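Chain by chain, the residues run as shown.
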Amino acid sequence: MKKIYKNSILNVKGTDKFDNTFLFEYLLHSFNKREVGGELWKSVEIIYLRELLKFHKNEEIFKRVSEKPAMYSEVYSSKEELRIFTELFENAISQKKQIHIIGITLKEEIQMLEKYYTELGFMREDINCFEVDFSIPLVTVSCYIENLMWKGSDYKRMWEEIFFCPPIRESGQNKALFKWITRGVIAGIEIWEITKDKEQFLWDCIRQEKILPLQMGRILKYNLEEVGLKGEIEELQVKY
């Protein structure tokens, strides 16, 4: 069994080094750092987009999703989400306040971060990716695992099973989340609680090389700890 660390993959002592199993750790129930075990952690404000977006529910569109379930993506519009994100981003920068936004769904949001992280000098031209010290930026983000698992075309099949806030967006936005995870801009994935479906999805991401093992380890735990988040640590084994 091989354990995934932030920058290395090492065989677990006492296990078969030829066993095709990765061992990941992931962070559950994120909250602000505080004094834990005698160690004083810095404070970062966690902002859940859903808590702000829920006040802008479009009731007229919601009445029509029983006829066209894909319309649910605009029950909480991308335009409104981008407006909220932009306001949070600009306020954090102007007030020099560290925030972590959970629940982004839009490439436009990540492009703002990419520009900001480039200005901070985190862009690696040699690999065309970002190498971010997530303790430094004033704005960092996570996406919900559901917005990776599903895309707009799944509404027809799943209906209210994927009626989330923020909503599942179209395929292009789903692909953008994967792209910027790979490029190192998105700090983490918010899992909430592990289920068989989520576990299977994470397995498939590794097996199909949608997300490489080291990058998966970072977005499940190490980046989030670097941001300033704490929580319960669980283990996940993935056979490859």
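This section reports on the structure supplied with the text. (Residues numbered from 1 in each chain as written. Predicted model: local features only at pLDDT ≥ 70, side-chain atom pairs only at ≥ 80, totals over all residues. Heavy atoms only, no water.)

### Structural notes on helix H3 (residues 78-95)
Then, number 1: With 18 residues, H3 ought to run about 26 Å at 1.5 Å a step, and its terminal C-alpha atoms sit 25 Å apart, in line with that.
Then, number 2: Lining the buried residues of H3 we find strand E6 (45-48), helix H1 (49-53), strand E7 (99-102), helix H4 (107-119) and strand E10 (139-144).
Then, number 3: Directly after H3, the chain includes Lys96, whose backbone phi takes a positive value near 50°. (Helix = DSSP H or I, 4+ residues; strand = E, 2+ residues; numbered from the N terminus. Expected span 1.5 Å × (residues − 1). Contact = heavy atoms within 4.5 Å.)

### Looking at the sheet that holds E7
Then, number 1: In space, the four strands of this open sheet follow the order E6-E7-E10-E11, with parallel pairing throughout. This sheet does not close on itself; its edge strands, each paired only once, are E6 and strand E11 (188-190). Here the strands of the sheet are splayed against their neighbours by 30° on average, with no regard to which way each runs.
Then, number 2: Judged from the four bridges that link them, E7 and E10 form a sheet pairing that is parallel. Bridge pairing links Ile101 to Val141 in E10. (Pairing = 2+ DSSP bridges. Axes fitted to C-alpha atoms, helices over the stretch in contact; angles between N-to-C directions.)

### Details of the packing of H4 against helix H7 (residues 171-182)
Each pair of packed helices can be summarised by the angle the axes make with each other and by the distance between the axes.
Then, number 1: For the pair H4 and H7, interaxial distance at closest approach is 9 Å and the crossing angle is 25°. One way to sum up the angle between H4 and H7 is to call them roughly parallel. Counted together, Lys107, Glu108, Ile110, Gln111 and Glu114 of H4 and Gln173, Ala176, Leu177 and Trp180 of H7 form the full contact between these two elements.
Then, number 2: Split into classes, the residues belonging to the contact of H4 with H7 amount to four nonpolar, two polar and three charged. (Parallel < 35°, antiparallel > 145°, perpendicular 65-115°, else oblique. Nonpolar A, V, L, I, M, F, W, Y, C, P; charged D, E, K, R; others polar.)

### Thoughts on the side chain of Asp154
Then, number 1: Secondary-structure assignment places Asp154 in the loop between helix H5 (146-149) and helix H6 (155-158).
Then, number 2: Overall, Asp154 belongs to the buried group, its relative accessible area being 10%.
Then, number 3: Residues contacting Asp154, with those up to four places away along its chain left out, are Met149, Trp159 and Ile162. (Buried < 20%, exposed > 50% of the residue type's maximum accessible area, 1.4 Å probe, protein only.)

### Overview of the side chain of Lys221
Then, number 1: Relative to the elements of secondary structure, Lys221 occurs in helix H9 (residues 213-227).
Then, number 2: Its relative accessible area of 10% is what places Lys221 among the buried residues.

### With respect to the packing of aromatic side chains
Then, number 1: Applying the stated criterion across every chain yields a total of 15 aromatic pairs.
Then, number 2: Between Phe89 and Tyr116 the ring centres are 5.6 Å apart and the planes differ by 90°, which places this aromatic pair in the edge-to-face class. Within this pair, whereas Phe89 is found in helix H3, its partner Tyr116 is found in helix H4, the two being separated by 27 residues in sequence. Take Phe89 and Tyr116: they sit in the same class, and that class is buried.
Then, number 3: With a centroid separation of 6.2 Å and an interplanar angle of 25°, the aromatic rings of Tyr144 and Trp192 are classed as stacked. Note that Tyr144 is positioned in strand E10 and Trp192 in the loop between E11 and helix H8 (196-207), a separation of 48 residues in sequence.
Then, number 4: One cation-aromatic arrangement involves Lys57 over Phe62; the distance from NZ or CZ to the ring centre is 3.9 Å.
Then, number 5: Stacked on the ring of Trp180, the Lys or Arg Lys179 has its end atom at 4.6 Å from the ring centre. (Phe/Tyr/Trp six-rings, centres within 6.5 Å; stacked < 30°, edge-to-face > 60°. Lys NZ or Arg CZ within 6 Å of the ring centre and 35° of its normal.)

### Details of the packing of H3 against H4
Then, number 1: As a packed pair, H3 and H4 sit with axes 10 Å apart at the nearest point and diverge in direction by 20°. Looking at the two axes, H3 sits roughly parallel to H4. H4 is crossed by H3, and the crossing has right-handed handedness. Contacts between H3 and H4 pair Glu81, Leu82, Phe85, Thr86, Phe89 and Ile93 from the former with Glu108, Glu109, Met112, Leu113 and Tyr116 from the latter.
Then, number 2: Residues that form the contact of H3 with H4 fall into these classes: seven nonpolar, one polar and three charged. (Left-handed = near helix turned anticlockwise from the far one by under 90°.)

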